[in-house]
Amino acid sequence: MGRSDLGAWTGTVAVSRRGATALLTRPVVSGVVRALDTVVVVTSGFLAAWLRWGVEEPEPFDLVRLVHLTGSLAAALLFASAVSYRFEDLREPGRALGRLLAAWSAAIGAVLVALYALKTGEAVSRLWIGCWWLAGSLGLLAARAAVAIGIAAAQRRGRLRRG
């Protein structure tokens, strides 16, 4: 199978006389944005912890790690259920930002409800959770703006296909 056959078969690479030019497809862009959202949520949790505790480990360190993991997983699930990865919404981020931030807020709210239901709410810093929500919200907004700019640039260059 030659290079041009492989490109036609996968639908993601086009070969021209000047060499290979990578083409992005809509499903690939959506998948990358899913990963980006997860990275933003996890990183913002670490950033909030650093802002709250500095380099020291928080007192209930295992509980904080569990809250961070649970909140990140809840956010990933709620982002997908909020239908925030449609290509049209990624191209024009204003269309889905409300759903995205509502899903993020719901994930943080679910973590808080679980903490209080398990009677561990006093053990985890609410300041950390608030900073996590704020840093995550700002990070998600910035990431979606960057994605929209990137999509526009790829469309101008002809590197984005329907696929």
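Treat the numbers as computed from the prediction; the structure is a model and nothing was measured. Each chain has its residues counted from 1, following the order in which its sequence is written. A pLDDT threshold of at least 70 governs which residues receive local features in this predicted model, and a stricter bar of 80 or more applies before side-chain atom pairs are shown or counted, although totals over entire chains, interfaces and linings include all residues. Excluding hydrogens and water, the side-chain values take into account all heavy atoms of the structure.

Participant: It is not clear to me how the overall build of the protein should be interpreted in this structure. Could you clarify?
Facilitator: A run of H or I in DSSP becomes a helix once it reaches four residues, and a run of E becomes a strand once it reaches two; helices and strands are each numbered from the N terminus. Along the protein, the regular secondary structure elements total 6 helices and 4 strands. Helices and strands appear in the protein in the N-to-C order α-β-β-β-α-α-α-α-α-β. Only protein chains enter the accessibility calculation, which uses a 1.4 Å probe. A residue is then buried if its area is under 20% of the maximum for its type, exposed if over 50%, and partly exposed in between. Across the 163 residues of the protein, 36% fall into the buried class. Note on contacts: a residue pair is in contact if any heavy atoms of the two residues lie within 4.5 Å. Considering only contacts within the protein whose residues lie at least 6 apart along the sequence, 75% involve residues at least 24 apart. The accessible surface values rely on the Shrake-Rupley method and a 1.4 Å probe; as for residues, cover is taken only from the protein chains in view. Accessible surface, the protein as shown: approximately 9,600 Å² in total, 65% of it carbon and sulfur.

Participant: Even after reading the chapter, I still don't get the packing of helix α5 (residues 97-117) against helix α6 (residues 126-157), so can you show me in this structure?
Facilitator: How two helices pack is summed up by the angle between their axes together with the distance between the axes. Taken N-terminus to C-terminus, the directions of α5 and α6 make an angle of 160°; their axes are 11 Å apart at the nearest point. Relative to α6, the element α5 lies roughly antiparallel. Taken as a pair, α5 and α6 cross one another with a handedness that is right-handed. Every residue of α6 that contacts α5 at Leu 97, Leu 100, Leu 101, Trp 104, Ser 105, Ile 108, Leu 112, Leu 115 and Tyr 116 is listed here: Arg 126, Ile 129, Trp 132, Trp 133, Gly 136, Ser 137, Leu 140, Leu 141 and Arg 144. Taken together, the residues of the contact of α5 with α6 break down into 13 nonpolar, 3 polar and 2 charged. Axes, fitted as lines to C-alpha atoms, cover a helix only where it is in contact. Angles between the N-to-C directions of the axes lie from 0 to 180 degrees. Each angle gets one of four labels, with under 35 degrees taken as roughly parallel, over 145 as roughly antiparallel, 65 to 115 as roughly perpendicular, and the rest as oblique. The sense of a crossing depends on the near helix, which, turned anticlockwise from the far helix by less than a right angle, makes the crossing left-handed and, turned clockwise, makes it right-handed. Polar here means any residue outside two lists: the nonpolar Ala, Val, Leu, Ile, Met, Phe, Trp, Tyr, Cys and Pro, and the charged Asp, Glu, Lys and Arg; Gly therefore counts as polar.

Participant: Help me understand unusual backbone geometry, please; the structure alone is not making it clear to me.
Facilitator: Negative phi values dominate among residues other than glycine, just as trans dominates among peptide bonds. Of note, Val 83 is a non-glycine position whose phi angle comes to about 50°, a positive value. Given the relative accessible area of 39%, Val 83 is considered partly exposed. One non-glycine residue, Lys 119, adopts positive backbone phi at about 55°. Relative to the helices and strands, Lys 119 resides in the loop between α5 and α6.

Participant: Whenever I open this one, α5 confuses me. Can you help?
Facilitator: Residues that lie three or four places apart on an α-helix share one face, since the helix turns once every 3.6 residues. Multiply 1.5 Å by the residue count of a helix minus one, and that product is the helix's expected span. Over its 21 residues, α5 extends 30 Å from the first C-alpha to the last, a length consistent with the 30 Å expected when each residue adds 1.5 Å. The positive-phi residue at the C-terminal boundary of α5 is Lys 119, with phi of around 55°.

Participant: I keep staring at the confidence of the model for the protein and nothing clicks. Help me out?
Facilitator: For any part of a model where pLDDT is low, the fine detail of the predicted coordinates should not be relied upon. One number per residue, pLDDT, summarises how confident the predictor is, and it ranges from 0 to 100. A residue-level look at the protein finds 83% of positions with pLDDT of 70 or above and a mean pLDDT of 83. Across residues 3-17, confidence stays below pLDDT 50; counting only partners more than four residues off in sequence or on other chains, it has 19 contacts.

Participant: What is the right way to look at the pattern of salt bridges in this model?
Facilitator: Two side chains of opposite charge can pair, provided their charged atoms sit close to one another. For salt bridges, the criterion is a side-chain nitrogen of Lys or Arg within 4 Å of an Asp or Glu carboxyl oxygen. By the definition in use, this model includes 6 salt bridges. Ionic pairing is found between Arg 26 and Glu 88, a salt bridge with its closest N-O pair at 3.4 Å. Here Glu 88 lies in helix α4 (residues 87-91) and Arg 26 lies in helix α2 (residues 26-53), a separation of 62 residues in the sequence. Judged by its relative accessible area of 29%, Glu 88 falls in the partly exposed class.

Participant: How should I be thinking about a nonpolar patch on the surface in this particular structure?
Facilitator: Each patch is built from salt-bridge-free residues with over 30% relative accessible area, joining like charges within 9 Å and nonpolar side chains (Val, Leu, Ile, Met, Phe, Trp, Tyr) within 5 Å. On the surface, Leu 47, Trp 50, Leu 51 and Val 55 cluster together into a nonpolar patch covering about 480 Å² of accessible area. For Val 55, the location among the structural elements is in the loop between α2 and α3 (61-81). Of the residues examined, Val 55 reaches a relative accessible area of 80% and is grouped as exposed.

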